[in-house]
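Inside the fold
The residues making up each chain are set out below.
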Amino acid sequence: MTHSIIATSITLLLAFSQITHGFQNPSTKSPRHQQNHRQRHITTRHTPLLLHSTTVNTTDTVVTSPITGSETNIKYPTSRGSTVDSRLIVDYNTKNANDASSSDDGSSPLMALRLSHILFASTELAAQTLEKLTKSEWNFEEMAKVVSNCAETREEGGSVGWVNLSEDFDDDDDDDTSSSVLDADTVKNPNEHLNLILPPAAREKILSTPTKPGDILMVESFRGVHLVQIVDVMVDVRRLSYVKARKKKKKKEAMIIQNEMEIASKGARKDVHGQGTKLAGVLGGALVEGDDIESIRDKLDLTYKIETMGCQMNSADSERIEGQLASLGIRPLLENEMKDVEVVSDNDGLMQETKVIKSTKKKPDVIVLNTCSIRDHAEQKVYSYLGPHAKRKRDGEDVTIIVAGCVAQQEGQSLLRRVPEIDLVMGPQYANRIADLLEDVANGNQVVATEASHIMEDSTKPRRQSATCAWVNVIYGCNERCTYCIVPTTRGVEQSRPVESIVDEVKELISQGFKEVTLLGQNIDAYGRDMKPKRKFSDLLRVVGETPGLERLRFVTSHPRYMSLGVVDAVAETSAACEYFHVPFQSGSNAILKAMGRGHSRERFLSIVDRIRQRLPDAAITADVIVGFPGETEQDFLDTLDIMEQVKFDAVNTAAYSPRPNTPAATWENQLTEEVKQDRLRRINDLCDLHAEERRARMMDRVVEVLVEERNVKKPTQVMGRTTHGYIVYFDGDIEELRGELVNVKITTCQRYYLAGKIAEEGEEVTKILPEV
């Protein structure tokens, strides 16, 4: 709906409201009289403790994993039927007893909420608007600009700004409009400047209601009726983390060297912990105003290297981590980057030192390993990767080691015990707050940040790995309890981002020249069900897809249990949406699906496929599947192959079942042998390859639209791009001219997992496969 239509519709509603209410307050009684009739709060003093329930406390739960033999770090509920409301699970009132540095003042790490509001004269008009906002038919910011009665915030789209949670609400002072004179012992109200915008009565209601970003509340004050949106939260993540001071080693007695040659053989193990590190210098420079910041950073020239394992969510998290590091002046280490070092030579044993400058390969100052725990041996891979970097630190090199992602969340403090050289362990929820956590690291501490927390909006821009295609997170976490899956315990419960925040990020990407956006979610069809009021993913698809300048829109990952037919319709009816669906079915056997706790049947999955084929007959469908699940019979496996034959997927990510920590299936006794699992994996992969080749063969001689992304690394005279189906296409062209361009390509070669062709002649149109009428 265009802004003009919105404005016209609302103008009519406002006209009706003016006639009915005369733009009067909901009550003609005095503000003090109104407040006397409001529902009273039980407590006499509001504190941040009211914001989140403490009935669910998962902090510091440690379990020994039968899979890895090590202690695992559980911060989220793991059993089916347990609470999945982030408002209840995120407990900012629990203090880590092992953290000697944490404060005892009783204050909460949750510091503030960022709010926007729309002010109405009547409850009826506010309710009508809330319904439209819930369906994403109207945008909160645009609505505020058009209809809000608040002149102070109307031009800013209703932005109220940050509301400090340390505010006290004195029951003896019932006057919303009062501004009492402060005596010497009175602490000034940190939100007093908002009294004429969002009065205390409204703030008290908001701050005493458990909320999360994306929620919209309807509250009243002497000014009228407010629709208040929770836009973001401000959390002191350093107070949520476990901080361990490194022990400074005692100085050894000086060695008496009889012969200078003994220096090489009796060199003591070095230790830079507690000394002035480069990281401390960079963070210290960030506090200096003026040109000194750049001069300090240029002098230090810190570099980082990040290794990313696992899924697209991890890739997106790594981009956010890199954005944070870049904001500190730490740059990525270039491939094959060299540096000159001064080497002392003994001049062939003549006891005369000679200084020689040699060029050597530069090593990163900051190592980030963003881990994945979804597959077997994930923990062992982490320890193996860390080995060489830990040795660097033991040898006295100034290197900062960071372990992030799902293994970090899973293992927690046990990682520090296994690899004492690690400086920072942080879960995925802290990817965009690594700069804050590094402050404690720079002070000579080891830090573990794995407590449950609300996801905050990015304070810095992610460092995108592509100039054409970008990831955009729309929902974090997963509320499912599949019996094989570790994701709910490592990525936490579902937390949807506000629609407006998502749209703003997409608009920013388009302004930077990006052409394609992929919406990310572990269970993307669940988007909005954790909000109050609830939202629908299909509505979000339509809103984002209508963003001016967006050429292509994708999304992953769908869940058959929640994927509505409305999502298929939204893709079919949104021009920017690609005809591509990734819907993991995991097994073709209803018995195995039940054992997995998937919550759907094979029939349900096939009905989704039927809907896709009906609305978008040429669409690509990909999936994930697990073979060798505990108790899987040969017939169960054949049922999976049967679904493969019926659907003929464009690609399938296959895996043999592997037990994961903190999952029920890992402890079952009906495990299959590795021989059976590998045999079934081979057979299903053969079928996947056959179908992939068959699906791409249909593209021969067709003209397809390709979004050019990069150069073909194996053949530099060619470029690489993708069709709307997600197929990789190679063709001759200059990447500097074609990067980010949409090019019509006629397909001349069809291989199993790629296509090749040539730029279409003028007049050759893109081949369209339309649904049957």
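Just so it is clear, the structure is predicted and the values come from calculations on it, not from any experiment. (Residues numbered from 1 in each chain as written. Predicted model: local features only at pLDDT ≥ 70, side-chain atom pairs only at ≥ 80, totals over all residues. Heavy atoms only, no water.)

Things to note about the nonpolar core
What tends to happen in soluble globular proteins is that the nonpolar side chains get buried as a cluster. Counting 57 residues, the largest nonpolar core has Leu-519, Phe-581 and Phe-649 as the members making the most contacts within it. Broken down by element, the residue count for this core peaks at six residues, all from helix α18 (residues 499-511). Those residues in contact with Phe-581 that sit more than four places away from it in its chain are Phe-555, Met-563, Val-568, Val-571, Ile-612, Leu-616, Ala-619, Ala-620, Ile-621 and Thr-622. Core analysis: the second largest hydrophobic core is formed by 51 residues, Val-163, Val-228, Val-235 and Leu-424 among them. (Core = buried A, V, L, I, M, F, W, Y, C linked by side-chain atoms within 4.5 Å. Buried < 20%, exposed > 50% of the residue type's maximum accessible area, 1.4 Å probe, protein only. Helix = DSSP H or I, 4+ residues; strand = E, 2+ residues; numbered from the N terminus. Contact = heavy atoms within 4.5 Å.)

Concerning the sheet that holds strand β18 (residues 516-521)
The pairing of strands in a sheet comes from backbone hydrogen bonds and takes either a parallel or an antiparallel form. The sheet built from four strands is open, its strands ordered β17-β16-β18-β19 with mixed pairing. Sheet topology places β17 (495-496) and β19 (552-556) at the edges, where each strand pairs with a single neighbour. Summarising the sheet, strand β16 (residues 469-476) and β18 pair through six bridges and their orientation is parallel. Opposite Val-472, over in β18, you have Leu-519 as the bridge partner. In the packing of α18 onto the sheet, the strands contacted are β16 and β18, and the crossing angle to β16 comes to about 175°. (Pairing = 2+ DSSP bridges. Axes fitted to C-alpha atoms, helices over the stretch in contact; angles between N-to-C directions.)

Describing the environment of Gly-549
Its place among the elements puts Gly-549 in the loop between α19 (537-545) and β19. A C-alpha to C-alpha distance of 9.5 Å links Gly-549 and Ala-576, two positions 27 residues apart in sequence.

Let's talk about the confidence of the model for the protein chain
Averaged over the protein chain, the pLDDT score is 83; the fraction of residues at 70 or greater is 77%. Every residue in residues 251-271 scores below 50 in pLDDT, and together they form 16 contacts with partners more than four places removed in sequence or on other chains. Between residues 287-291, whose pLDDT stays under 50, and residues either more than four places distant or in other chains, the model counts two contacts. (pLDDT = per-residue confidence, 0-100.)

Some words on empty space enclosed by the protein
What the rule picks out here adds up to five cavities of 30 Å³ or more. Estimated volume of the largest cavity: approximately 100 Å³. What lines the largest cavity is a set of 12 residues, and nearest its centre among them are Pro-428, Gln-429, Ile-455, Tyr-476 and Arg-491. In terms of residue class, the lining of the largest cavity is made up of five nonpolar, five polar and two charged. The space that makes up the second largest cavity amounts to roughly 60 Å³. Surrounding the second largest cavity, Ala-316, Glu-319, Arg-320, Asp-458, Pro-462, Arg-464, Trp-471, Val-472, Asn-473, Tyr-476, Arg-497 and Glu-505 form its lining. For the lining of the second largest cavity, the secondary-structure elements that each account for two or more residues are α12 (312-327) and β16. Broken down by element, the lining of the second largest cavity gets its largest block of residues, four residues, from β16. When its residues are assigned to classes, the lining of the second largest cavity shows five nonpolar, one polar and six charged. (1 Å grid on protein atoms, 1.4 Å probe; cavity = no way out; pocket = protein on both sides within 12 Å on 5 of 7 lines; lining within 4 Å. Points joined across faces, edges and corners; volume = space filled by probe spheres on them. Nonpolar A, V, L, I, M, F, W, Y, C, P; charged D, E, K, R; others polar.)

Describing the packing of helix α22 (residues 602-615) against helix α23 (residues 634-647)
Interhelical geometry of α22 versus α23 gives an angle of 10° and a closest axis separation of 11 Å. In this view, α22 runs roughly parallel relative to α23, as classed from their interaxial angle. Counted together, Arg-602, Phe-605, Leu-606, Val-609 and Arg-613 of α22 and Asp-639, Asp-642, Ile-643, Gln-646 and Val-647 of α23 form the full contact between these two elements. (Parallel < 35°, antiparallel > 145°, perpendicular 65-115°, else oblique.)

A look at the environment of Glu-421
In this structure, Glu-421 sits in the loop between α15 (414-418) and β14 (424-426). As for Glu-421 and Arg-392, which are separated by 29 residues in sequence, their C-alpha atoms are 9.4 Å apart. Only 3.4 Å separates the side chain of Glu-421 from the side chain of Arg-394, close enough to count as a polar contact. (Polar contact = N/O pair within 3.5 Å; in protein donor to acceptor, adjacent residues only side chain to side chain.)

Section: the pattern of salt bridges
Within this structure, the stated rule accounts for 58 salt bridges. Put simply, Lys-145 and Glu-141 hold a salt bridge, and the shortest N to O gap is 3.6 Å. Remark: Glu-141 and Lys-145 occur in helix α5 (residues 140-147); sequence separation between them is four residues, near one turn of the helix. Sharing partners across several salt bridges, the network here consists of Glu-632, Glu-634, Asp-679, Arg-680, Arg-682, Arg-683 and Asp-686. (Salt bridge = Lys/Arg side-chain N within 4 Å of Asp/Glu carboxyl O.)

Things to note about unusual backbone geometry
Cis peptide bonds are those with omega within 30 degrees of zero, and the linkage from Lys-532 to Pro-533 qualifies with -5°. Here Pro-533 lies in the loop between β18 and α19. Here the residue pair Val-556 and Thr-557 is connected by a cis peptide bond, since its omega of 0° sits within 30 degrees of zero. Turning to its location among the elements, Thr-557 is positioned in the loop between β19 and α20 (565-573). At Lys-648, a position not held by glycine, the phi torsion is positive, near 55°. Structurally, Lys-648 can be placed in the loop between α23 and β22 (651-656).

Thoughts on the side chain of Arg-320
Among the structural elements, Arg-320 can be located in helix α12. Of the residues examined, Arg-320 reaches a relative accessible area of 5% and is grouped as buried. Among the polar contacts made by the side chain of Arg-320, one reaches the side chain of Tyr-476 at a distance of 3.4 Å. Sequence-distant contacts of Arg-320, that is, excluding residues within four places in its chain, are made with Ala-431, Asn-432, Ile-455, Met-456, Asp-458, Pro-462, Asn-473 and Tyr-476.

Description of the packing of aromatic side chains
Tallied over the entire structure, the rule returns nine aromatic pairs. When the centroid spacing of 6.1 Å and the interplanar angle of 35° are considered together, the rings of Phe-605 and Phe-649 count as tilted. Here Phe-605, found in helix α22, pairs with Phe-649, found in the loop between α23 and β22; they are 44 residues apart in sequence, far enough to count as distant. Classification of Phe-649 by relative accessible area gives buried; the value is 2%. With centroids separated by 5.8 Å and ring planes inclined at 90°, the aromatic side chains of Phe-629 and Trp-668 adopt a geometry described as edge-to-face. Of this pair, Phe-629 sits in the loop between β21 (620-627) and α23 while Trp-668 sits in the loop between β22 and α24 (674-697), placing them 39 residues apart in sequence. Following the ring pairs from residue to residue traces out a cluster consisting of Tyr-484, Phe-629, Tyr-657 and Trp-668. Sitting over the face of the ring of Tyr-383, Arg-418 holds its NZ or CZ atom 3.9 Å from the ring centroid. (Phe/Tyr/Trp six-rings, centres within 6.5 Å; stacked < 30°, edge-to-face > 60°. Lys NZ or Arg CZ within 6 Å of the ring centre and 35° of its normal.)

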